[in-house]
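Results of the structural survey
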Protein chains: 2
Amino acid sequence: MEPGGAARVAENPSGAGAEPPAVREPPIAGRGLRSDARHNRRRIMEAARAAFAERGIDVPMVAIARRAGVGPATLYRRFPTRETLVAEVFADEMAECAGLVDEALADPDPWRAFCTVLTEVCAMQAADKGFTEAFLAAFPDSDGFDERRVHVEHGLDELIRRAKESGRLRADFAREDIVLVLLANGGIVTSDPETTRAASRRLVAHMLRSFESAGGSGELPPVPPIGLGQLYRLPGD
Amino acid sequence: MEPGGAARVAENPSGAGAEPPAVREPPIAGRGLRSDARHNRRRIMEAARAAFAERGIDVPMVAIARRAGVGPATLYRRFPTRETLVAEVFADEMAECAGLVDEALADPDPWRAFCTVLTEVCAMQAADKGFTEAFLAAFPDSDGFDERRVHVEHGLDELIRRAKESGRLRADFAREDIVLVLLANGGIVTSDPETTRAASRRLVAHMLRSFESAGGSGELPPVPPIGLGQLYRLPGD
DNA sequence: CGGCAAACGGATGGTGCTGTCCGTTTGGCG
DNA sequence: CGCCAAACGGACAGCACCATCCGTTTGCCG
């Protein structure tokens, strides 16, 4: 991907090979913090995850701080901006998604794999109001998020390819249809989690029924130019 | 609500029966206002409709006032609360929807009527960010809104009945599926209106394909308990 | 045309959120 | 055990928005 990546170590002025072992500190969250700070960092992330899930990504920072039992200053010290916090919290959920995709890739039945991954990701999303918003927030390449995303995209492409090859998935299915399902699924969040879950299940079932090769009639409208990454919101006044 | 409401007219010291002719003033918008006030009221509603469509229902009141070229006080004098304004603006769009339904009821082809109304309502919704939010806002029975809603519901029920009778609409289609489509469609609003439109069209086409009687497989999950009217949001902290 | 109530809008107090400052507390190392 | 830098959180300034007050303007009726 990046040109000259391997050659760059030669730029190091110290000719000796005694490179400190962790110049590029490993991106392990909260490394080198004091024990209490690490503890608070964890509490903040848990509180943030819960708050985002319940009330969406725009929940006040002070509410997260209160919920975590820390002062606002502590929250801002660990996560200077809201985006930092969202990215961190969402990295976990993104990892879960990636795991689901990888799991599905191991399934010998392509159609079942396809259905499973779509169903489960939507179920996750339905249980978490902030999930979709975080998708749409499109924060800049925050710390490995982009790489994970393309990994997931490639996995999905492979799932789609196999499912089409097996004949169960319609030929006019487009990868953008997955985004379509996710966006649509994000719209059905109601106040009652149980209702949301049921509605999500039914919606996904409808969509899968449309995706499955069968005697449906009529052509689909053209594919909208939606990419997983480039979704932005309206700017302020 | 308030005790003795009707009896209070007896308190009027003038014993004469010269009751003003319009005790229950007819609910015609802006009746009895001075000409400039009526003019401003109209400008406010136009500005509000545009602002709601572009930026959603939570757009600042002062932004609407600025856009209408009036002061904040004037806006609040006409519409004491945001809900008043939303209800008023949305009543218009609700009337459009009702018109679409009535039009469809005149179509001799039940399946085409069903498809048309769903497609067009979703197209309206896709062009207006505030539309869905207003649906979900669930303001109290504001001035004929509820009656209009049940009217639309009955019209939809009739459309569904005919479409099923014609054999084109699956028997396991539920009226709640319409709400499902509307909610889902509300989720696909992106920043670019053209993209939103295309995505909406494709989503609706997928849904219709699932709704149409054909060789789809598998049973649908149970119907979620969603009613057109009782959708609320999470309360504040 | 004169007067007045209706209507107007700039200005203002109140509230909630953001992001930072600073005096105090505490974990961990020597 | 004692020190000190790291960490903490209450308090605070800045800002945006809501909602109202009040002095001024204006439509409209007599």
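Whatever comes next refers back to the structure up there.
Residues numbered from 1 in each chain as written. Chains lettered and ligands numbered in written order. Predicted model: local features only at pLDDT ≥ 70, side-chain atom pairs only at ≥ 80, totals over all residues. Heavy atoms only, no water.

In this section: the overall build of chain A. Helix and strand counts for chain A come out as nine helices and zero strands. When the helices and strands of chain A are placed in sequence order, the string is α-α-α-α-α-α-α-α-α. Within chain A, buried positions represent 43% of all 237 residues. Restricting to contacts in chain A with at least 6 residues of sequence separation, those with at least 24 account for 71%. (Helix = DSSP H or I, 4+ residues; strand = E, 2+ residues; numbered from the N terminus. Buried < 20%, exposed > 50% of the residue type's maximum accessible area, 1.4 Å probe, protein only. Contact = heavy atoms within 4.5 Å.)

Residues and elements named next belong to chain B. Orientation of helix 5 (residues 110–126) relative to helix 9 (residues 193–211), taken along the N-to-C sense of each, is 150 degrees, at an axis distance of 10 Å. Here helix 5 lies roughly antiparallel to helix 9, going by the angle between them. Judged by the sense of rotation from one axis to the other, the crossing of helix 5 with helix 9 is right-handed. Contacts from Trp111, Phe114, Cys115, Leu118, Thr119, Cys122, Ala123 and Ala126 of helix 5 reach helix 9 at Thr196, Ser200, Val204, Leu208 and Phe211. Taken together, the residues that form the contact of helix 5 with helix 9 break down as 10 nonpolar, three polar and no charged. (Axes fitted to C-alpha atoms, helices over the stretch in contact; angles between N-to-C directions. Parallel < 35°, antiparallel > 145°, perpendicular 65-115°, else oblique. Left-handed = near helix turned anticlockwise from the far one by under 90°. Nonpolar A, V, L, I, M, F, W, Y, C, P; charged D, E, K, R; others polar.)

Attention now moves to the environment of Ala50(A). Residue and element names in this part refer to chain A. Within the fold, Ala50 resides in helix 1 (residues 35–55). Its relative accessible area of 25% is what places Ala50 among the partly exposed residues. Each C-alpha atom, one on Ala50 and one on Asp128, is 8.5 Å from the other, the two residues being 78 residues apart in sequence.

Our focus in this paragraph is the protein's contact with DNA strand C. With respect to spatial proximity, 21 residues lie near DNA strand C, and among them Ser35(A), Met61(A), Arg82(A), Arg34(B) and Asn40(B) are the closest. Of all DNA strand C atoms lying within 4 Å of any protein atom, the proportion belonging to sugar or phosphate reaches 66%. At a separation of 3.4 Å, a base oxygen of DNA strand C approaches a polar side-chain atom of Arg34(A). Between Arg82(A) and DNA strand C, the recorded distance is 2.5 Å, taken from a side-chain N or O atom to a phosphate oxygen. Listing elements by their share of the surface near DNA strand C, those giving two or more residues are helix 1, helix 2 (61–68) and helix 3 (72–78) of chain A together with helix 1 (35–55) and helix 3 (72–78) of chain B. Of all the elements, helix 3 of chain B adds the most residues to the surface near DNA strand C, at four residues. (Near = heavy atom within 4 Å. Polar contact = N/O pair within 3.5 Å; in protein donor to acceptor, adjacent residues only side chain to side chain.)

What follows concerns helix 8 (residues 176–186) of chain B. Burial of helix 8 of chain B is extensive: nine of the 11 residues sit out of reach of the surface. Taken as a whole, helix 8 of chain B has its buried residues at Asp177(B), Ile178(B), Val179(B), Leu180(B), Val181(B), Leu182(B), Leu183(B), Ala184(B) and Asn185(B).

What follows covers the nonpolar core. A general trend in soluble globular proteins is that nonpolar side chains are found buried together. Phe114(A), Phe211(A), Phe114(B) and Phe211(B) are the most contacted members of the largest nonpolar core, which totals 120 residues. Not counting the four nearest positions on each side in its chain, Phe114(B) is found in contact with Ile160(B), Ala163(B), Leu169(B), Phe173(B), Leu208(B) and Phe211(B). (Core = buried A, V, L, I, M, F, W, Y, C linked by side-chain atoms within 4.5 Å.)

With that out of the way, let us pick up the protein's contact with DNA strand D. Near DNA strand D, the surroundings consist of 21 residues, among which Arg34(A), Asn40(A), Arg77(A), Met61(B) and Arg82(B) are the closest. The sugar-phosphate portion of DNA strand D accounts for 67% of its atoms within 4 Å of the protein, the bases making up the rest. A distance of 3.2 Å is found between a phosphate oxygen of DNA strand D and a backbone nitrogen or oxygen belonging to Gly71(A). The side chain of Arg82(B) places a nitrogen or oxygen atom 2.6 Å from a phosphate oxygen of DNA strand D. Those elements that place two or more of their residues in the surface near DNA strand D are helix 1 and helix 3 of chain A together with helix 1, helix 2 (61–68) and helix 3 of chain B. Among the elements that make up the surface near DNA strand D, the one with the highest residue count is helix 3 of chain A (four residues).

Okay, the environment of Val101(B) next. All names here are of chain B. Considering the arrangement of structural elements, one finds Val101 in helix 4 (residues 82–105). With 58 residues separating them in the primary sequence, Val101 and Leu159 have C-alpha atoms 8.5 Å apart. In this structure Val101 touches Val117, Val152, Gly155, Leu156 and Leu159, once residues within four positions along its chain are discounted.

On to helix 5 (residues 110–126) of chain A, then. Residue and element names in this part refer to chain A. Its 17 residues place the ends of helix 5 24 Å apart at the C-alpha level, agreeing with the 24 Å of an ideal helix rising 1.5 Å per residue. Burial in helix 5 covers these residues: Trp111, Ala113, Phe114, Cys115, Val117, Leu118, Val121, Cys122, Met124, Gln125 and Ala126. Capping of helix 5 at its N-terminal end is provided by Asp109; its side-chain oxygen lies 3.1 Å from the backbone amide nitrogen of Trp111. (Expected span 1.5 Å × (residues − 1).)

Taken as a whole and assessed by the stated rule, the structure comprises nine aromatic pairs over all chains. With a centroid separation of 5.6 Å and 80 degrees between ring planes, the pair formed by Phe90(A) and Phe131(A) is classed as edge-to-face. Taken together, the residues span a long stretch of sequence, with Phe90(A) in helix 4 (residues 82–105) and Phe131(A) in helix 6 (residues 129–137) at a distance of 41 residues. Ring geometry for Phe114(B) versus Phe173(B): centroids 5.4 Å apart, planes at 85 degrees, classification edge-to-face. Of the two residues, Phe114(B) is situated in helix 5 and Phe173(B) in the loop between helix 7 (145–165) and helix 8; the sequence distance between them amounts to 59 residues. We note that Phe114(B), like Phe173(B), is buried. Taken together, the aromatic side chains of Trp111(A), Phe114(A), Phe173(A) and Phe211(A) make up a single cluster linked through ring pairs. (Phe/Tyr/Trp six-rings, centres within 6.5 Å; stacked < 30°, edge-to-face > 60°.)

Residue and element names in this part refer to chain A. Within the structure shown, the criterion is met by 33 salt bridges over all chains. Notably, a salt bridge pairs Arg112 with Asp107, separated by 2.8 Å at the nearest N-O pair. With a relative accessible area of 18%, Asp107 lands in the buried category. One salt bridge in this structure joins Asp172 and Arg170, with 3.3 Å as the shortest N-O distance. (Salt bridge = Lys/Arg side-chain N within 4 Å of Asp/Glu carboxyl O.)

Attention now goes to the environment of Ile64(B). Residue and element names in this part refer to chain B. Along the polypeptide, Ile64 turns up in helix 2. Counting along the chain gives 11 residues from Ile64 to Leu75, while the straight-line C-alpha distance between them is 8.3 Å. Once residues within four sequence positions are removed from consideration, Ile64 is found in contact with Ile44, Ala47, Ala48, Ala51, Phe52, Val59, Leu75 and Leu85.

In short, shape yes, function no, at least from these values alone.
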